[in-house]
Amino acid sequence: MPCTFALLGSAVVTVVDDKPKRTLRLQRLANVAANPHVAVLADRYSDDWSTLWWVRADGEGTVVEGGERHRTAVAALAGKYEQYAERSPTGPVIWIEVHRWTGWASAPHAGPGATPPTG
């Protein structure tokens, strides 16, 4: 499931935002509550295969519905996404304490934050 996310130290956080949904009882929240072992995958696809990469965070997820951790997560997301800065999400946060990072890049210059070569 695609999601917005932010990094907070060793944690990845995401929030249920205010976009219209059929229900507020989202399956992802029930899944994390039932089995907190979660993974988040970020990738970049391009027709230029030399710039492909992916990174995966495996960890333990917790649903957070208020308090300091919720405020901290929403603030981090608002710092990254303009939409959240304009309208702060109020839904539950999924807070993932990452225990293992893995990844792959097609070339040394590929990867999150990398500048693709010119020319």
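Just so it is clear, the structure is predicted and the values come from calculations on it, not from any experiment.

Counting secondary structure elements, the protein chain contains three helices and five strands. Listing the helices and strands of the protein chain from first to last along the sequence gives β-β-α-β-β-α-α-β. The 119 residues of the protein chain split such that 34% are buried. Accessible surface for the protein chain amounts to roughly 7900 Å². Of this, 55% is attributable to carbon and sulfur atoms.

Turning to the packing of aromatic side chains, a few remarks are in order. The geometry of two aromatic rings is summed up by the distance between their centres and the angle between their planes. Considering all chains together, one arrives at one aromatic pair under this definition. On the basis of an interplanar angle of 65° and a centroid distance of 5.7 Å, the ring pair of Tyr81 and Tyr84 is categorised as edge-to-face. Tyr84 carries the same exposure label as Tyr81, and that label is buried. Looking at Arg69, its charged tip hangs above the ring of Trp95, at a distance of 4.5 Å from the centre. The lysine or arginine in question, Lys80, covers the ring of Phe5, its NZ or CZ lying 3.8 Å from the ring centre.

For helix 2 (residues 67–80), built from 14 residues, the straight-helix expectation of 20 Å at 1.5 Å per residue is met to within 8% by its first-to-last C-alpha distance of 21 Å. Residues of helix 2 that are buried in the fold lie against strand 1 (6–8), strand 2 (11–15), strand 4 (53–64), helix 3 (82–86) and strand 5 (93–105).

Thresholds, definitions, all that
Residues numbered from 1 in each chain as written. Predicted model: local features only at pLDDT ≥ 70, side-chain atom pairs only at ≥ 80, totals over all residues. Heavy atoms only, no water. Helix = DSSP H or I, 4+ residues; strand = E, 2+ residues; numbered from the N terminus. Buried < 20%, exposed > 50% of the residue type's maximum accessible area, 1.4 Å probe, protein only. Areas by Shrake-Rupley, 256 points an atom, 1.4 Å probe, with all protein chains shown as cover. Phe/Tyr/Trp six-rings, centres within 6.5 Å; stacked < 30°, edge-to-face > 60°. Lys NZ or Arg CZ within 6 Å of the ring centre and 35° of its normal. Expected span 1.5 Å × (residues − 1). Contact = heavy atoms within 4.5 Å.

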